[in-house]
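Tertiary structure, described
These are the residues of each chain, in order.
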Amino acid sequence: RRVKQRTILNHQDISSGDFFTPGILSVSENSIKDYYLQRGYRDIQISSTTSLDEAANTMSIVFNVSEGKQYKIRSILFEGLSGLTARDIERVLTQKEKSFFNSGNFVQSNVDTDRNAIIALYGTEGYPDARIDSVEVVPTGEEDEDTIFVNVIYTITEGDRWTIGDITFHGNSVFSDEDISSLITLSPGDAYDVEDISKEFEAISSLYYDNGYIRSDIQFNEIRDQENHTISYDIAITEGEQSIVEDIIITGLTKTKPYVMERELTLKVGDVFSRSRLIRSQQNLMNTGLISAVRADLLYGDTPNGVIVEIAVEEGNQMELQFGATFGGTVDGFPISGFLQWSDRNLAGTGRDLSIS
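The structure reproduced in this document is the subject of the present report. (Residues numbered from 1 in each chain as written. Predicted model: local features only at pLDDT ≥ 70, side-chain atom pairs only at ≥ 80, totals over all residues. Heavy atoms only, no water.)

**Focus on the overall build of the protein chain**
Along the protein chain, the regular secondary structure elements total eight helices and 14 strands. Over its C-alpha atoms the protein chain spans a radius of gyration of 30 Å, topping by over 25% the 21 Å that the globule rule assigns to 357 residues. Principal-axis analysis of the C-alpha atoms places the extent of the protein chain at approximately 80 × 70 × 55 Å. Here the protein chain, with 357 residues, has 33% of them falling under the buried criterion. Taking the contacts inside the protein chain whose residues are at least 6 apart along the sequence as the reference set, 57% of them involve residues at least 24 apart. (Helix = DSSP H or I, 4+ residues; strand = E, 2+ residues; numbered from the N terminus. Rg over C-alpha atoms; globule rule 2.2 N^0.38 Å. Buried < 20%, exposed > 50% of the residue type's maximum accessible area, 1.4 Å probe, protein only. Contact = heavy atoms within 4.5 Å.)

**Structural notes on the sheet that holds strand β5 (residues 147–157)**
Within a sheet, adjacent strands bond to each other through the backbone by hydrogen bonds, running parallel or antiparallel. Read across the sheet, three strands follow the order β3-β5-β4 without closing on themselves; strand pairing throughout is mixed. Strands with a single pairing partner mark the edges of an open sheet, and in this sheet they are β3 (70–79) and β4 (131–143). Averaged over all pairs of adjacent strands, the angle between their axes in this sheet comes to 25 degrees, without regard to strand direction. Here β4 runs beside β5; their pairing, made up of nine bridges, is antiparallel. Bridge pairing in β5 links Glu136 to Ile153. The sheet strands contacting helix α4 (residues 109–124) are β3, β4 and β5, and the helix crosses β4 at an angle near 130 degrees. (Pairing = 2+ DSSP bridges. Axes fitted to C-alpha atoms, helices over the stretch in contact; angles between N-to-C directions.)

**What about the packing of aromatic side chains?**
Applying the stated rule across the entire model yields 10 aromatic pairs. Ring centres of Phe100 and Phe101 lie 5.2 Å apart, and the angle between their planes is 90 degrees; this geometry places the pair in the edge-to-face category. Phe101 shares its class with Phe100; the two are exposed. Taken together through their ring pairs, the aromatic side chains of Tyr35, Tyr36 and Tyr41 make up a single cluster. Sitting over the face of the ring of Trp162, Arg224 holds its NZ or CZ atom 4.8 Å from the ring centroid. (Phe/Tyr/Trp six-rings, centres within 6.5 Å; stacked < 30°, edge-to-face > 60°. Lys NZ or Arg CZ within 6 Å of the ring centre and 35° of its normal.)

**Some remarks on the environment of Ser232**
Take Ser232: it is sitting in strand β8 (residues 230–238). Residues Ser232 and His11, 221 residues apart in the sequence, show an inter-C-alpha distance of 52 Å. Each residue touching Ser232, except ones within four places of it in the same chain, is listed here: Gly165, Asp166, Asn221, Glu222 and Ile223. A distance of 3.0 Å separates the side chain of Ser232 from the backbone nitrogen of Asp166, its partner in a polar contact. (Polar contact = N/O pair within 3.5 Å; in protein donor to acceptor, adjacent residues only side chain to side chain.)

**Points about the side chain of Asn105**
With respect to the element layout, Asn105 can be found in the loop between α3 (86–90) and α4. Side chain to side chain, Asn105 and Lys72 meet in a polar contact 2.6 Å long.

**What about the pattern of salt bridges?**
Scanning all chains against the criterion turns up 12 salt bridges. A salt bridge links Lys69 to Glu143, with the shortest nitrogen-to-oxygen separation between them at 2.6 Å. Note that Lys69 is positioned in the loop between β2 (58–66) and β3 and Glu143 in strand β4, a separation of 74 residues in sequence. The class for Lys69 is partly exposed, based on a relative accessible area of 23%. By relative accessible area, which is 53% here, Glu143 ends up exposed. Put simply, Asp344 and Lys255 hold a salt bridge, and the shortest N to O gap is 3.2 Å. With Asp344 in strand β13 (residues 336–344) and Lys255 in the loop between β9 (244–251) and α7 (258–262), this pair connects stretches of sequence that are 89 residues apart. Relative accessible area serves as the criterion here: at 5%, Asp344 is assigned to the buried category. Sharing partners across several salt bridges, the network here consists of Arg1, Glu145 and Asp146. (Salt bridge = Lys/Arg side-chain N within 4 Å of Asp/Glu carboxyl O.)

**Some details on the nonpolar core**
Counting 20 residues, the largest nonpolar core has Phe78, Ile89, Ile118, Tyr122, Tyr154 and Ile156 as the members making the most contacts within it. Put simply, the parts of the chain that give this core at least two residues each are β3, α4 and β5. If you tally residues by element for this core, the top one is β5, at five residues. Leave out the neighbours within four places in its chain, and Ile118 touches Phe78, Ile89, Val92, Leu93, Ile132, Tyr154 and Ile156. Counting residues in each nonpolar core, the second largest holds 17 residues, with Ile214, Met261, Ile291 and Ile311 among its members. (Core = buried A, V, L, I, M, F, W, Y, C linked by side-chain atoms within 4.5 Å.)

Dropping the structure here:
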């Protein structure tokens, strides 16, 4: 009643002429239901009926839709706030109140997204123990033939605000204390920020991974001082041995010759493994314009410290055909001119370009 039939049919998975299987009915019903749910129709109900034409060996399908009313958000409210303000939290929410600039549709699946966004915000503002106790959806009493307005109420327990204490480390021998210390940017007294902690961990991990120590183990052990509300970290490092690239396997090639991809790799067999060089190799592969996706995995090799690099690629469109015509010309000339161009950016899988116009 409120969504056009063509729109609904465009958001399901069955087309005239497809082979019929019972499974495609439930898939299409779910697709239609998801379309409605993403627009605030919490009470949407979808069913389907079929009729078989035995003479033509065809199945006709009818989707039965009960839309219900559309739910819109009148207000988003928060209980339990003291450290952060409602405005702070509203900035990270995907759902918004009904306004001139926003439809305000209530989408149930966005509740979990917004819960995670709120917890992540608190984690960057010094509140690692913040939690959301409940999310209530309460009708306001405003209702008409098509719409129900609701308030969304978050009940939050913020917990205490913490700062950074001491950061110490041990177990390093390959890299000096100065090498490790230079990667630690946090200082005692800084506000606790989970993103900053993650960056410290990533920096130290990258130092080892970029130098072949992929079997290293780095643990950030948290130590809390309840009296001073500080969180200290003792970083335990187990270095292990350097890993050597034992083999590089490229999968997914259907047209391109392997050597075309291999010459783009900055990481070679026999090298000490380096994550940064592997990332650069992936970028080089994408820059060829011959592939649409690339993914790398590491496998254990046959030797104790060997590692096998497996690179899976998906080849993209490598051929183009363009043609057209224009009308006009000189008095004596033919009044129509046309053009045709065919190009192959990967001739016979060799990575060479060929264009004929």
